[in-house]
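What follows is each chain in one-letter form.
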Amino acid sequence: MLKMNRRQLMLSTVAATAGAAIPSALMAQQNKTLVIGNQGAQSHFDPHAGQDYPTSVLMRNIYDALVDAVGAPPQIVPRVATEWTISEDGLVYTFKLNPNARFHDGSPLDAEAVKYSFDRIQAIGRGNNWMINGVVGPDSIKVIDDHTVEFTLLQPFAAFLQVLPWISIVNPAVIEANAGSDMGQSYLLNNTAGSGPFKVARFEPESVIEFKRDPEGWREGGGNTDTIIWRYVRENTNQRLMLQRGEIHMAVDLTSDDIVALEGVPGVKTVVEPGDRTFSIKMNTEHGPTADVNLRKAISYAFDYDEMLRVSGLAELMQGPLPSSFFGHDGSLEVPRRDIEKAKEYLAKTEWPEGGLTLDAVYVTGLEQERLWCLVLLDSLRDLNINVNIIPATWPDMLSMAESPEKFPPFFCVYLGVGYADPDVIAYAGYHSSRNGGWQNPVYKNPSVDALIEQARYEPDSEKRAQLYAKVQRAIVDDAPDIFGVVEKSKVGLRDNVEGYTFTPIIVQAVDFFPLSLKG
Amino acid sequence: MLRYLLFRIALIAPLLIGLSMLVFVIGRVLPGDPAGLAAGPYATAEQRQAIAAEYGLDQPIPVQYWRYITGVLEGDFGRSLMTRRPVAGDLAGYLPATLELVFFSLFIAILIGIPLGLIAGIRRNSATDMTIAAGTLSAMSMPQFFLGLVLQLVFGMMLSWLPLSGRLPFIISPPPGVTGFYTIDSLIAGDFTAFRYSVLHLILPALTMALAPIATIARIMRSSTIEVLQQDYVQTERALGLPSSLILFKYVSKNAASATLTLIGLYVGWLLGSTVLVEKVFDWPGIGLYATNAILNQDFNPVIAVTLAIGVVFILANLVVDMLYGVLNPKVSNKQ
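The shown structure was predicted, so the numbers you read here are calculated from the model rather than taken from an experiment.

## As for the overall build of chain A
Reasoning step 1: Along the backbone of chain A there are 16 helices and 21 strands.
Reasoning step 2: The C-alpha radius of gyration computed for chain A amounts to 25 Å, which stays within 12% of the reference 24 Å derived for 520 residues, consistent with globular compactness.
Reasoning step 3: When contacts within chain A are restricted to residue pairs at least 6 apart in sequence, those whose partners lie at least 24 apart make up 70%.
Reasoning step 4: Split by element, the accessible area of chain A, about 19,900 Å² in all, is 49% carbon and sulfur.
Reasoning step 5: Averaged over its 46 positive side-chain charges, chain A has a centre that lies 7 Å from the centre of its 67 negative ones.

This is how it looks when you write it as structure tokens:
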């Protein structure tokens, strides 16, 4: 017995010496190294080929753009462009570039590079090209001189400055030298061609990216960190545990439960802010029973929004199609809230005054939160004698369902994340009929809503735009194409020695490394 | 034996072709829009079509298969729709990580399972036997994802003995790749720090995977031991006065292990399958996770490549097991 105890004691000592030292000692060794836990596995370094948040991390840190979006709500601030003018008709944008801007190889970042980059993203036709599709054409960009570039838009686009942070500038010389047959896309699988404040020092797919601050970087200021470790941690619970243990300094994919668990944990602080990702249950407005607007309204009034909010964790109910933090959101908008009498009134106007229907609700398999909301729907509609058949489906299957009204189910759960901070991104993608067949707006179409969205898109005057968006919201709510759900709060966890972090609600996980510092 | 082995090796090619065909057809006939998914949320119909054309998804299934299989014969497994990287390169990175985990788990399972079974068999119906039986039954009933989380909580969080996840601390660069196994590569490079940490990182995920095999191996080993102990030759050896240790280690354990070998061969396949869950819990960058992501995104090329890779490993493991029968039992090799 004594022998076993000794053994156990020895094993314990060895394990403790070996293991306990891992996080704290290693973190201490590297006091200018900041580690960020995330779920965004990076597979390439091409800012023009992706639009997910790992690609946005590259855009913010390895590459530069003409302008930056900072703060909440996001403000457009200079980056490569030091100043700009906009013509009265909103068509011509002229940017003055910072003459100090340099690529990582030391070559100047000039107007030609800007033109080359916009031409490249359009030629590749992937990534964030959709943001400028139909706005910037092949002949839109003119190089005035080395440090002046002029954009003549195909049509006015009020959100133009808001999309610019997401169109990166690449080094033309590097791309051309390695263009191959795909404009350098293969080259950028493992290499970079940027000018941003960080370079890639190590890349282990699905594991770690090590970013090193460029000592020759052209931007002034910045934090004291010299290395950022972008550590892939798939499970949000693991991110939370690692943050608690001090193995990482930031966790960017936490859930509401994690935030609750982190309350009062020494050395950890949390940031919980209104987010930009909306959740709604889209209804088939073109085919089947929900094509009847009265049935959609009956459902919208029967839905238990309070219960939805209760099971949502840190979130707020949506008041119409736009998040409340967005420019143009109409705070006076009246939206359906649970009112069974009113729901029954609308139901009485349909072919099914007594209910007796069974409708399919499809959600993404594995997304527990969506399943819970479907259960709220099921429970809510019992009062109308409507049964809901909840079906989990993989995301590719759901994409396939969105292709036509005939394949589209009566209820379709969908999160809509935004790419830039302007109501256009939700209004156009989520409710304009040109997006029919895609998952953001599979079937809904209303010519008068289309016309309003287009007017708002091109209107340069902010006040007039806000009025147009108010009309858009009222018209959409009147059509009841969706059960407007919730906007989940954005959640970030930090060690308390992290300084310089600024919350920006657009693509929250794509942290801007430049201002980050470590205290002590 | 040699003829038998050659016959088994010759069977590998048709088996793999059949396997690839099956997975290929199943993948293609499933509903879904992989090109749309790869194109991203805001892509136009033209962009989706361009991607479908780029990856040949707009071609008839037989044409797609022919292109794929001829590519495979040249070592080209196509490109992943999601990562846009060549699948062969992805596999070369992820497969060694998974194999290292699988072999380490198997090593733990054999190291613990065989002696446990032997002891239980020798001390049949004793308190030790009962305890081992109860322990193995509990181990077999425990779901892996739960066990993994419990081990993380106890050894990672509460005791801080072992790392929570990953293959190495972020601060340590992986050793130069020779085999892709960090433990072996770090020894080759003489980097003992990397070796130490790679072993430490292996312990929790490997233990999570090994627990069920330990239990099964111990139970089979116990039955075989009991059976062998009742054989006439053991009784004769005892009557001749041979030392117990000699009887047990030279004759009983060797013969009892033959039955366990089949199980070990099968467990290679089982362990490869169970990496899907364990790699997720422990952030292990292996093919389990790669395959899961590929399946959820209907990214066909990686799915087929992973299936083929698992198929090859499984077939080879069973081939090695068959060869080991001959080593353990000369009668087998003489017969064949």
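Anyway, onward from the coordinates.
## Observations concerning the overall build of chain B
Reasoning step 1: Within chain B, the regular secondary structure consists of 14 helices and zero strands.
Reasoning step 2: Mapped in sequence order, the helices and strands of chain B form the string α-α-α-α-α-α-α-α-α-α-α-α-α-α.
Reasoning step 3: With the principal axes as the frame, chain B shows a C-alpha extent of 85 × 55 × 40 Å.
Reasoning step 4: Total accessible area on chain B stands at roughly 15,600 Å², and carbon and sulfur atoms take up 70% of it.
Reasoning step 5: For chain B, the separation between the mean place of its 20 positive charges and that of its 18 negative charges on side chains is 10 Å.

## Observations regarding the interface of chain A and chain B
Reasoning step 1: Listed per partner, the contact involves 62 residues of chain A and 53 residues of chain B.
Reasoning step 2: Summing both sides of the interface, chain A and chain B together bury roughly 4,600 Å²; the carbon and sulfur share of this comes to 54%.
Reasoning step 3: Ranking the residues of chain A by area buried against chain B places Arg 126, Arg 234 and Arg 245 of chain A at the top, with a combined share of 14%.
Reasoning step 4: The tally of links from chain A across to chain B stands at two salt bridges.
Reasoning step 5: Note that Lys 280 of chain B and Glu 235 of chain A form a salt bridge whose closest N and O atoms lie 3.0 Å from each other.
Reasoning step 6: In this structure, the connection of chain A to chain B is made through ten residue pairs in polar contact (both at pLDDT 80 or more).
Reasoning step 7: It is helix H1 (residues 2-29) of chain A that contributes the most residues to the side of chain A that touches chain B, ten residues altogether.
Reasoning step 8: Its residues assigned to classes, the side of chain A that touches chain B comprises 27 nonpolar, 22 polar and 13 charged.

## Digging into the packing of aromatic side chains
How two aromatic rings sit relative to each other is set out by the distance from centre to centre and by the angle between their planes.
Reasoning step 1: Per the stated rule, a full pass over the model turns up 26 aromatic pairs over all chains.
Reasoning step 2: On the basis of an interplanar angle of 85° and a centroid distance of 6.4 Å, the ring pair of Tyr 53 of chain A and Trp 230 of chain A is categorised as edge-to-face. Placement of the pair is Tyr 53 of chain A in helix H2 (residues 53-61) and Trp 230 of chain A in strand S10 (residues 227-232), with a sequence separation of 177 residues. In terms of burial, Tyr 53 of chain A and Trp 230 of chain A fall into one category: buried.
Reasoning step 3: Ring geometry for Phe 118 of chain A and Phe 151 of chain A: centres 4.9 Å apart, planes at 75°, overall edge-to-face. Residue Phe 118 of chain A is located in helix H3 (residues 111-124), and its partner Phe 151 of chain A is located in strand S7 (residues 148-152); the two are separated by 33 residues in the primary sequence. As far as burial versus exposure is concerned, Phe 118 of chain A and Phe 151 of chain A are alike and both buried.
Reasoning step 4: The structure contains a cluster of three or more aromatic residues connected by ring pairs, namely Trp 84, Tyr 93, Phe 95, Phe 118, Phe 151 and Phe 160 of chain A.
Reasoning step 5: Taking the ring centre of Tyr 182 of chain B as reference, the NZ or CZ of Arg 167 of chain B above it sits at 3.6 Å.
Reasoning step 6: Geometry around Tyr 197 of chain B places Arg 196 of chain B over its ring, the cationic atom sitting 5.0 Å from the centre.

## Brief notes about the sheet that holds strand S16 (residues 386-393) of chain A
All names here are of chain A.
Reasoning step 1: Spatially, the six strands line up as an open sheet ordered S14-S18-S13-S17-S15-S16, and their pairing is mixed. Taken across any chain shown, the strands that pair with only one partner, and hence form the sheet edges, are strand S14 (315-317) and S16. Here the strands of the sheet are splayed against their neighbours by 25° on average, with no regard to which way each runs.
Reasoning step 2: Both strand S15 (residues 357-364) and strand S17 (residues 411-416) contribute to a ladder of two bridges, which runs parallel. Across the sheet, Ala 361 pairs through a bridge with Phe 411, a residue of S17.
Reasoning step 3: In the packing of helix H9 (residues 293-302) onto the sheet, contacts are made with strand S13 (278-283), S15, S16, S17 and strand S18 (482-488), and the angle to S13 comes to roughly 140°.

## As for the sheet that holds strand S8 (residues 198-204) of chain A
Residues and elements named next belong to chain A.
Reasoning step 1: A sheet is described by the order of its strands in space; here seven strands give the open sequence S8-S9-S10-S1-S11-S19-S12, paired in mixed fashion. Each edge of the open sheet carries a strand with a single partner, namely S8 and strand S12 (268-273).
Reasoning step 2: Where strand S1 (residues 33-38) meets S10, six bridges bridge the pair, whose relative direction is parallel. Note that in S10 the partner of Asn 38 across the bridge is Tyr 232.
Reasoning step 3: Strands in contact with helix H7 (residues 236-245) are S1, S10, strand S11 (250-251), S12 and strand S19 (490-495); relative to S19, the strand with the most contacts, it is inclined by about 30°.

## A short note on the confidence of the model for chain B
Reasoning step 1: Per-residue pLDDT for chain B averages 84, and the proportion of residues at 70 or more is 95%.
Reasoning step 2: The lowest-confidence element of chain B is helix H14 (residues 330-335) of chain B, averaging 59 in pLDDT; the highest-confidence one is helix H8 (residues 182-188) of chain B, averaging 93.

## Looking at the nonpolar core
In a soluble, globular protein the nonpolar side chains are often hidden away together inside.
Reasoning step 1: Counting residues in each nonpolar core, the largest one holds 108 residues, and the members touching the most others are Leu 66, Phe 95, Phe 151, Phe 160, Tyr 501 and Phe 513 of chain A.
Reasoning step 2: Among the elements that line this core, the one with the most residues is H3 of chain A, at six residues.
Reasoning step 3: When sequence neighbours within four positions are dropped, the list of residues in contact with Phe 513 of chain A reads Ile 36, Val 57, Asn 61, Phe 198, Phe 211, Arg 213, Thr 225, Ile 228 and Trp 230 of chain A.
Reasoning step 4: Counting residues in hydrophobic clusters, the runner-up holds 60 residues, among them Tyr 94, Ala 97, Ile 172 and Trp 284 of chain B.

## Some words on the layout of surface pockets
Reasoning step 1: Its boundaries defined by the atoms lining it, the second largest pocket holds a volume of some 590 Å³.
Reasoning step 2: As for the second largest pocket, its lining consists of 31 residues, and the residues nearest its centre are Glu 204 and Pro 205 of chain A together with Gly 93, Arg 167 and Tyr 182 of chain B.
Reasoning step 3: The biggest single contributor to the lining of the second largest pocket is helix H5 (residues 87-122) of chain B, with seven residues.
Reasoning step 4: Counted by class, the lining of the second largest pocket contains 17 nonpolar, seven polar and seven charged residues.

## Here we look at the pattern of salt bridges
All names here are of chain A.
Reasoning step 1: For the structure on display, the rule yields 26 salt bridges over all chains.
Reasoning step 2: Between Glu 403 and Lys 407 there is a salt bridge, with the nearest N and O atoms lying 2.7 Å from each other.
Reasoning step 3: Residue classification places Glu 403 among the partly exposed positions, given a relative accessible area of 40%.
Reasoning step 4: Lys 407 gets classed as partly exposed once you look at its relative accessible area, which sits at 41%.
Reasoning step 5: Measuring nitrogen to oxygen at the nearest pair gives 2.8 Å for the salt bridge that ties Arg 457 to Asp 424. Of this pair, Arg 457 sits in helix H15 (residues 447-458) while Asp 424 sits in helix H14 (residues 423-431), and the two are 33 residues apart along the sequence. The burial state of Arg 457 is the same as that of Asp 424; both residues are buried.

What counts and how
- Residues numbered from 1 in each chain as written.
- Chains lettered and ligands numbered in written order.
- Predicted model: local features only at pLDDT ≥ 70, side-chain atom pairs only at ≥ 80, totals over all residues.
- Heavy atoms only, no water.
- Helix = DSSP H or I, 4+ residues; strand = E, 2+ residues; numbered from the N terminus.
- Rg over C-alpha atoms; globule rule 2.2 N^0.38 Å.
- Contact = heavy atoms within 4.5 Å.
- Areas by Shrake-Rupley, 256 points an atom, 1.4 Å probe, with all protein chains shown as cover.
- Lys, Arg positive; Asp, Glu negative; His and termini not counted.
- Charge placed at Lys NZ, Arg CZ, Asp CG, Glu CD.
- Buried area = accessible area lost by both parts, 1.4 Å probe.
- Salt bridge = Lys/Arg side-chain N within 4 Å of Asp/Glu carboxyl O.
- Polar contact = N/O pair within 3.5 Å; in protein donor to acceptor, adjacent residues only side chain to side chain.
- Nonpolar A, V, L, I, M, F, W, Y, C, P; charged D, E, K, R; others polar.
- Phe/Tyr/Trp six-rings, centres within 6.5 Å; stacked < 30°, edge-to-face > 60°.
- Buried < 20%, exposed > 50% of the residue type's maximum accessible area, 1.4 Å probe, protein only.
- Lys NZ or Arg CZ within 6 Å of the ring centre and 35° of its normal.
- Pairing = 2+ DSSP bridges.
- Axes fitted to C-alpha atoms, helices over the stretch in contact; angles between N-to-C directions.
- pLDDT = per-residue confidence, 0-100.
- Core = buried A, V, L, I, M, F, W, Y, C linked by side-chain atoms within 4.5 Å.
- 1 Å grid on protein atoms, 1.4 Å probe; cavity = no way out; pocket = protein on both sides within 12 Å on 5 of 7 lines; lining within 4 Å.
- Points joined across faces, edges and corners; volume = space filled by probe spheres on them.

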